[in-house]
Amino acid sequence: MELRQLQYFLTVVEEGNFTRAAARLHVAQPGVSAQIRQMEKELGQPLLDRSGRRVTTTEAGGAVLPYARAALAAIEGMRQTVDEFTGLVRGHVTIGVVSGAATDEYDLAALLADFHDDHPQVEISLTEDTSAGMITALRRGELDLAIAGVTDEAPPTGISLQVVIDTPLVAAMTPNDPLSLPGRTVLPLAALADRPLISLPRGTGIRSALERACRQAGFQPRIAFEAAAPSLLTRFAARGLGIAILPEIPPDAAAALGIRTLPLASPRVRGRIALAWRTDGPTTPAARALLSRMREALPPARPFGA
């Protein structure tokens, strides 16, 4: 019995069709049929039921299927082990990225481009989601790595974090807003208790940090508008639709946008974006190599929440 016969058998089962399986394998359909028939002859039992519109396993085929999967997984494991010894990295890595993660301080595009130059056999996929969604996907193994917004609380169970960006959150408002008093340098969070707020959606790190701080201050934030892009929040604030909660903006940049920003206090609120991975580590050499590269590009590690 040959490994390609196991691969052909598994692919036909997954596709439920010889023609689609052959297209996926990039071989001629008669060749797939011939190899599986040879495998059935060697085992002395039909493995596939070809009588219906969809090809399914026979009782014997269903019993054989887990062993075929295990054999192919073992071969892939052997290849990965040898690749690690020889320094060859190949495979696929899936990264979740929250909006705003790419900054001058942490140039994600440049980092991934350099990694690809060094490891051209590694495919990298990027996906965007809320921070909460990405943490869930990490736990499920649907993501290898994530750059997600986080709060000052302890890291989520089973997840390790290294901070990428740590910045104060500010309240952005029109310069003539009643809270924009001359000489005021900070804004007590309690001053926002009855004001309409403009925020990133629920599930983002900044929204979670805001809600947590408001609970500590004794009130529930009144969210009037939500938007996924911080730039849209500033435009809403500039039109007087509410007070936007944003990462810190330089005063001259805020003035150019038609807003004034004040750091939040009592308690102070910070926005943090962190590199996240499963505590037991990525499962593939490619993901482990990229995690190592990304951690090297970050500031020196420090305890989360410090």
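Values in this document were obtained by computation on a predicted structure and should not be read as measured data.

Chemist: Just to check I follow, could you spell out the pattern of salt bridges for this structure?
Modeler: Oppositely charged side chains may form a pair once their charged atoms are brought near each other. In the structure shown here, the tally under the stated rule is 14 salt bridges. For the salt bridge of Glu-211 with Arg-207, the shortest nitrogen-to-oxygen distance reads 2.9 Å. Taken together, the residues Glu-211 and Arg-207, both in helix α7 (residues 205–217) and 4 residues apart, mark about one turn of the helix. Its salt-bridge partner being Asp-280, residue Arg-278 comes within 4.0 Å of it at the nearest N-O pair.

Chemist: How should I be thinking about the nonpolar core in this particular structure?
Modeler: Nonpolar side chains in soluble globular proteins tend to be buried together. Membership of the largest hydrophobic core comes to 35 residues, with the highest contact counts inside it found for Leu-275, Leu-290 and Met-294. Broken down by secondary-structure element, the contributors of at least two residues to this core are β3 (91–97), α5 (108–118), α6 (131–140), β5 (145–150), β6 (159–173), β12 (270–278) and α10 (285–296). Residues in contact with Leu-290, not counting those within four places in the same chain, are Val-93, Ile-95, Leu-111, Leu-112, Phe-115, Ile-124 and Leu-145. Of all hydrophobic cores here, the second largest spans 31 residues; its members include Val-170, Ala-171, Leu-179 and Ala-213.

Chemist: How do you make sense of α10 when you look at a structure like this?
Modeler: Three or four residues apart is the spacing at which side chains of an α-helix point the same way, because the helix has 3.6 residues per turn. Taking 1.5 Å of rise per residue, the 12 residues of α10 would be expected to cover 16 Å, and the 17 Å separating its terminal C-alpha atoms lies within 8% of that figure. Restricting attention to buried positions, one finds in α10 the residues Pro-285, Ala-286, Ala-287, Leu-290, Leu-291 and Met-294.

Chemist: Before we go on, may I ask you to explain the packing of helix α2 (residues 18–25) against helix α3 (residues 29–43) in this structure?
Modeler: How two helices pack is summed up by the angle between their axes together with the distance between the axes. In the contact formed by α2 and α3, the axes pass within 8 Å of each other and the chain directions differ by 105 degrees. What the angle tells us is that α2 and α3 run roughly perpendicular. Where α2 abuts α3, its residues Phe-18, Thr-19, Ala-22 and Leu-25 lie against Gln-29, Val-32, Ser-33 and Ile-36. When the residues that make up the contact of α2 with α3 are grouped by side-chain class, the tally is 5 nonpolar, 3 polar and no charged.

Chemist: Got a minute to help me understand unusual backbone geometry in this structure?
Modeler: Glycine aside, a negative phi is what most residues show, and trans is what most peptide bonds show. That bond from Ser-266 to Pro-267 is cis: its omega, 0 degrees, falls within 30 degrees of zero. A positive phi angle, close to 60 degrees, is found at His-26, a residue other than glycine. Assignment of secondary structure puts His-26 in the loop between α2 and α3. Exposure remark for His-26: the relative accessible area of 72% places this residue in the exposed category.

Chemist: How should I be thinking about the packing of helix α1 (residues 3–15) against α3 in this particular structure?
Modeler: In the contact formed by α1 and α3, the axes pass within 9 Å of each other and the chain directions differ by 110 degrees. Judged by the angle between their axes, α1 and α3 are roughly perpendicular. Here Arg-4, Gln-5, Leu-6, Tyr-8, Phe-9 and Val-12 of α1 come into contact with α3, specifically with Gly-31, Val-32, Gln-35, Ile-36, Gln-38, Met-39 and Glu-42. In the contact of α1 with α3, the residues fall into 7 nonpolar, 4 polar and 2 charged.

Conventions used here
- Residues numbered from 1 in each chain as written.
- Predicted model: local features only at pLDDT ≥ 70, side-chain atom pairs only at ≥ 80, totals over all residues.
- Heavy atoms only, no water.
- Salt bridge = Lys/Arg side-chain N within 4 Å of Asp/Glu carboxyl O.
- Helix = DSSP H or I, 4+ residues; strand = E, 2+ residues; numbered from the N terminus.
- Core = buried A, V, L, I, M, F, W, Y, C linked by side-chain atoms within 4.5 Å.
- Buried < 20%, exposed > 50% of the residue type's maximum accessible area, 1.4 Å probe, protein only.
- Contact = heavy atoms within 4.5 Å.
- Expected span 1.5 Å × (residues − 1).
- Axes fitted to C-alpha atoms, helices over the stretch in contact; angles between N-to-C directions.
- Parallel < 35°, antiparallel > 145°, perpendicular 65-115°, else oblique.
- Nonpolar A, V, L, I, M, F, W, Y, C, P; charged D, E, K, R; others polar.

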